[in-house]
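Examining the three-dimensional arrangement
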Amino acid sequence: MTAFVIASVEVTDPERYQRYMALTPAAVAAAGGRFLVRGGSPEALEGSLDRPRIVVLEFPDRAAANAFYASAQYQQAREHRLGAAEFTMIVVDGV
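Every chain is numbered independently, its residues counted from 1 as its sequence is written. For this predicted model, a pLDDT threshold of at least 70 governs which residues receive local features, and a threshold of 80 or more governs which side-chain atom pairs are given and counted, while totals over whole chains, interfaces and linings are taken from all residues. Side-chain numbers come from the whole structure's heavy atoms, not from hydrogens or water.

**Observations concerning the side chain of Arg 51**
- Note on conventions: DSSP H or I runs of at least 4 residues are helices, E runs of at least 2 residues are strands, and numbering of each starts at the N terminus. With respect to the element layout, Arg 51 can be found in the loop between strand S2 (34–39) and strand S3 (53–59).
- Although Arg 51 lies buried, it forms no salt bridge, and the closest oppositely charged side chain, Glu 86, sits 4.5 Å away as judged by the N-O distance.
- Counting of polar contacts relies on pairs of N or O atoms within 3.5 Å, with two restrictions inside protein: one atom must be capable of donating a hydrogen and the other of accepting it, and residues adjacent in sequence are counted only when both atoms are side-chain atoms. Polar side-chain contacts of Arg 51 include one of 3.3 Å to the side chain of Ser 8. Using a 1.4 Å probe on the protein chains alone, a residue whose accessible area is under 20% of its type maximum counts as buried, one over 50% counts as exposed, and one in between counts as partly exposed. This count recognises Lys and Arg as positive and Asp and Glu as negative, with His and chain-terminal groups excluded. One side-chain nitrogen of Lys or Arg within 4 Å of one carboxyl oxygen of Asp or Glu is enough to make a salt bridge.

Right, dumping it as structure tokens:
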């Protein structure tokens, strides 16, 4: 079953976050994933948005999504994100 990784982001250090953005696509692709949304222009139809940037990744299944997150390649990219953004990331199964 397809799984999605969804992140809500508020960039606090754009220069450092750019390095994270440069490294992440290879880690996503290596786990069989792809970007569906990368930033966009989110608009709250109901409720409020906690952060102005949304990222949605699609993976073949939850195991692939978890492998992406746990990979050395992503963890290296993540080091550049730490301290550069307020960030929440979840994984959810598709239907």
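There is more to say, and it comes next.
**Quick notes on the packing of aromatic side chains**
- The pairing test for Phe, Tyr and Trp rings, Trp by its six-membered ring, is centres within 6.5 Å, and the orientation test on the planes gives stacked under 30 degrees, edge-to-face over 60, and tilted for anything in between. This model, assessed by the stated rule, comprises six aromatic pairs.
- Taking the centre distance of 5.2 Å and the plane angle of 45 degrees together, the rings of Tyr 17 and Tyr 20 count as tilted. Taken together, the residues span about one helical turn, with Tyr 17 and Tyr 20 both in helix H1 (residues 14–30) at a distance of three residues.
- Between the aromatic rings of Tyr 20 and Tyr 74, the centroid separation amounts to 6.1 Å while the plane-to-plane angle is 70 degrees, which identifies the pairing as edge-to-face. Of this pair, Tyr 20 sits in helix H1 while Tyr 74 sits in helix H3 (residues 72–81); the two residues are 54 residues apart in sequence, bridging distant segments of the chain.
- Overall, the relative accessible area of 5% leaves Tyr 20 in the buried class.
- The rule is short: NZ of Lys or CZ of Arg within 6 Å of the ring centre and within 35 degrees of the ring normal puts a charge over the ring. Here the guanidinium or amino end of Arg 38 rests over the ring plane of Phe 35, the centre of that ring lying 4.5 Å away.
- For the cation-ring pair, Arg 81 lies above Phe 87, with the distance from its terminal atom to the ring centre recorded as 3.7 Å.

**What to know about the sheet that holds strand S4 (residues 85–93)**
- Strand order in the open sheet formed by four strands is S2-S3-S1-S4, and the pairing between neighbours is antiparallel. Two strands close off the open sheet at either side, each with one partner strand: S2 and S4. Each adjacent strand pair in this sheet contributes to an overall mean axis angle of 10 degrees, direction not counted.
- For two strands to pair, DSSP has to find at least two bridges joining them. In terms of strand pairing, strand S1 (residues 3–11) meets S3 through seven bridges, oriented antiparallel. The residue of S3 that forms the bridge with Phe 4 is Glu 58.
- Throughout, a residue-residue contact means that at least one pair of heavy atoms, one from each residue, lies within 4.5 Å. Helix axes are fitted to C-alpha atoms over the stretch in contact, other axes to C-alpha atoms as well, and angles between N-to-C directions run from 0 to 180 degrees. In the packing of H1 onto the sheet, contacts are made with S1, S2, S3 and S4, and the angle to S2 comes to roughly 165 degrees.
- The strands touched by helix H2 (residues 62–70) within the sheet are S1, S3 and S4, with S4 carrying the most contacts at an inclination of about 155 degrees.

**What to know about the side chain of Ser 8**
- Secondary-structure assignment places Ser 8 in strand S1.
- For Ser 8, a relative accessible area of 19% corresponds to the buried category.
- Excluding residues that lie within four positions of it along the chain, Ser 8 makes contacts with Arg 51, Arg 53, Ile 54, Glu 86, Phe 87 and Thr 88.

Read these as geometric descriptors, not functional statements.
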